[in-house]
Structure formats: C-alpha cells, structure tokens
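# Structural overview
So the chains spell out like this:
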Amino acid sequence: MHNTGSPRPLPRVRIFRPLVKICGLTDPDNAVQCAQAGADIIGLVFFPKSPRHVTQAQAKAVIKALPAQVPAWGVFVNEPLKTILDTAAACGLKGIQLHGQEPPELISALKAHHFTVIKAVFASRSPGLNTIPLYSQSDYILVECGLGTLPGGNAKTWDYGLARKTARHHPVFLAGGLSCENIEQAVTAVAPAGVDLSSSVESAPGVKDIFKVKKLIRRVNTFPENR
C-alpha cells in the first residue's frame, strides 16, 4: 500500500557555531572593534572596483592593529599569482579568497605557499555550484547568490539551502544578506563551517556598524561549539 500523505520534511541540520568572517574592512579602529566583538577572521578587499577596496598601506595598517589571534584574509578577483603573492607578503595576509574566474591551478600554487585558500562559487552565475569539484584543493568554498553588479557585497538574500549538499562534502562559508533575522535559518539549512558578513552589518561601504556586528555575533554565539 502506497503512502499518499504529505512527504516527510528533510531533517534539520544540527546547528554548531560557525566561524565569523567580517569582510570589507577599511579602517584599523573599525577592524579592531570587530575583532573585539568576536570576529574570527577579518577580510580585506583588493578588488579595485569595489567600494571596500583597500590599498596595501591601508591593509598593512589594519593588520598591524589586529590582535595576533585574528587573521586577515585578502579578497582578490582574477589577479595573477605574482600580484597575490606580492600583496600578501607586503601586507601580512594569512588567507587568500579568490572571488572571480580563477583556474584551479592557482589554488594549488597558493597552497604551496602555505596560505589558507577560500574559493567563491555562486548559485546564480559562473562559476556555479557544479564547478566545486574543480576547486576541491581549497580549504573552504564560499557560496553566495552572485546577483548584482559586483562579485560580492550585494546584501541580497537567497535560498541558502542550495549550499547544503556542498557543505556535506566540503567546508563552506555562507555569504549574502545574512542578518540576525535569518542567520539561524541559514545555518540550520546548511551547517556551514563559517559565515561571511559585509554589507548587512555596514553603516556605509567599508564602515561596519559595530552595533550590528555585535548583535549578529551574539546571535551566532548562542549556537553550541562544534567539538
């Protein structure tokens, strides 16, 4: 006899506290405030077209001000290896986020230089979720929607559950429009290793509203540690 009732809902993913990356900082004092509020990672954008773009001098000032236990990751879009390595060495970056159409070989080259590497893929444009196997050497996959005119930082919410399958096989950072209102729903749907916050906690591009940052991190800190 066939069961003609409603299909069973998918089981909820158990929530654990994800890492919190605050991205797009431009000011040392603002970055320190975010670190003191509980940010695990600070992101610095080296994409010239971004309103959150920093020069090497700005990045060095931010990194110098940060507590030693809070690393800075640089965000690059379609830059050659030499440019990334030169910038990372000059500024003191610990991680590299690739947010464009970079070839998988670039990940291998960066890993050979002992960087943490995070590769962005998108639910709504290329490189899409189907390209993730190409980037399996990366430490993390960042998944966001990809709508808007910029590679990231568009503050658009989307169907976060689309990243759930990826998170089962690879550590995922979830990005795009995350806020206190939807963070639990998003983390429950995906069980990501981390969340990436930028536009949704800003008062202006590159300037984080520390009240919003503290509020969201307090919300994340209610999730149990994954031990």
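See the structure shown above.
The rules behind the values
- Residues numbered from 1 in each chain as written.
- Predicted model: local features only at pLDDT ≥ 70, side-chain atom pairs only at ≥ 80, totals over all residues.
- Heavy atoms only, no water.
- Helix = DSSP H or I, 4+ residues; strand = E, 2+ residues; numbered from the N terminus.
- Contact = heavy atoms within 4.5 Å.
- Buried < 20%, exposed > 50% of the residue type's maximum accessible area, 1.4 Å probe, protein only.
- Arc of directions from axis to C-beta.
- Salt bridge = Lys/Arg side-chain N within 4 Å of Asp/Glu carboxyl O.

Attention shifts here to the environment of Glu 225. With respect to the secondary-structure elements, Glu 225 resides in the segment after helix 7 (210–220). Residues Glu 225 and Pro 18 lie 207 residues apart in sequence; the distance between their C-alpha atoms is 8.2 Å. Setting aside chain neighbours within four positions, we find Glu 225 in contact with Phe 16 and Arg 17.

With that settled, consider helix 7. Among all positions in helix 7, only Val 213, Leu 216, Ile 217 and Val 220 are buried. The arc that holds the buried residues of helix 7, viewed along the axis, is 100°, so those residues lie on one side. Residues of helix 7 that are exposed and point over 90 degrees away from its buried face: Phe 211 and Arg 218. Lining the buried residues of helix 7 we find strand 1 (19–23), helix 1 (28–36), helix 6 (183–190), strand 8 (194–197) and strand 10 (207–208).

Moving on, we come to helix 4 (residues 104–112). The set of residues buried in helix 4 consists of Leu 106, Ile 107 and Leu 110. Looking straight down helix 4, one finds that the buried residues subtend no more than 105° of arc, so they occupy a single side. Turned more than 90 degrees from where helix 4 packs its buried face, Glu 105 and Ala 112 sit exposed. Looking at the buried residues of helix 4, the elements they touch are helix 3 (81–91), strand 4 (95–98) and strand 5 (116–122). One or two residues past the end of helix 4 sits His 114, with phi positive at roughly 70°.

In this section: the pattern of salt bridges. Counted according to the given criterion, the structure contains eight salt bridges. Notably, a salt bridge pairs Asp 40 with Arg 17, separated by 3.0 Å at the nearest N-O pair. Placement of Asp 40 in the loop between helix 1 and strand 2 (41–45) and of Arg 17 in the segment before strand 1 is noted, with a sequence separation of 23 residues between them. Note on Asp 40: relative accessible area 24%, which makes it partly exposed. Across the salt bridge formed by Asp 139 and Lys 111, the nearest N and O atoms sit 2.8 Å from each other. Here the residue Asp 139 occupies a position in the loop between strand 5 and strand 6 (140–144), and Lys 111 occupies one in helix 4, the gap between them amounting to 28 residues. The class for Asp 139 is partly exposed, based on a relative accessible area of 26%. Residue class for Lys 111 comes out partly exposed when judged on its relative accessible area of 29%.

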